[in-house]
Amino acid sequence: PVTASLAFVGSGLKVFTTMELAGGDPLLLLSFGSGMALNGVLVAQALYFGLSQGLSPADIFSADFTSANGGTPAGGEDDEDEDEGDDHDGEEAKPTPKEESVTSIG
């Protein structure tokens, strides 16, 4: 939603700039206007589906910055412990056959 919103605003600025500096060139207005309309559709869809799920607009827009596992930033530092809670009781994970073949070559 954030990217589509920023693209919508950017397209709006392009339309304004075209009106002011390019004398309202019809081809440029059509191009930037259609881009603005399509970006607006993306924002509207994100808001519609988010609100239909019971999310607030703030939750919808902040979803770009959090992962689905409880608010940790996507790509954040917590990704290094992927085995957490997998009930191996301290055992090391056994390599898959593909990993064995790669490690046995060296």
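Each remark here, short or long, concerns the structure printed above.
Let me begin by describing the structure that accompanies this report. (Residues numbered from 1 in each chain as written. Predicted model: local features only at pLDDT ≥ 70, side-chain atom pairs only at ≥ 80, totals over all residues. Heavy atoms only, no water.)

1. Remarks on the packing of aromatic side chains
Now for step 1: For the structure shown, the criterion picks out 1 aromatic pair.
Now for step 2: Ring geometry for Tyr48 versus Phe49: centroids 5.1 Å apart, planes at 75 degrees, classification edge-to-face. (Phe/Tyr/Trp six-rings, centres within 6.5 Å; stacked < 30°, edge-to-face > 60°.)

2. Considering the environment of Leu30
Now for step 1: Tracing the chain through its elements places Leu30 in helix H2 (residues 26-52).
Now for step 2: In sequence terms Leu30 and Val15 are 15 residues apart; their C-alpha atoms lie 9.0 Å from each other. (Helix = DSSP H or I, 4+ residues; strand = E, 2+ residues; numbered from the N terminus.)

3. Concerning H2
Now for step 1: The end-to-end C-alpha separation of H2 is 38 Å, in line with the 39 Å expected for 27 residues at 1.5 Å each.
Now for step 2: In the core, the buried residues of H2 are packed alongside helix H1 (2-21) and helix H3 (57-62).
Now for step 3: Downstream of H2 by one or two residues, Gly54 has phi in the positive range, about 85 degrees. (Expected span 1.5 Å × (residues − 1). Contact = heavy atoms within 4.5 Å.)

4. Describing the environment of Ser62
Now for step 1: Mapping Ser62 onto the fold places it in helix H3.
Now for step 2: Among the residues examined, Ser62 registers a relative accessible area of 31% and is labelled partly exposed.
Now for step 3: C-alpha of Ser62 to C-alpha of Pro1: the two residues are 61 residues apart in sequence and 8.7 Å apart in space. (Buried < 20%, exposed > 50% of the residue type's maximum accessible area, 1.4 Å probe, protein only.)

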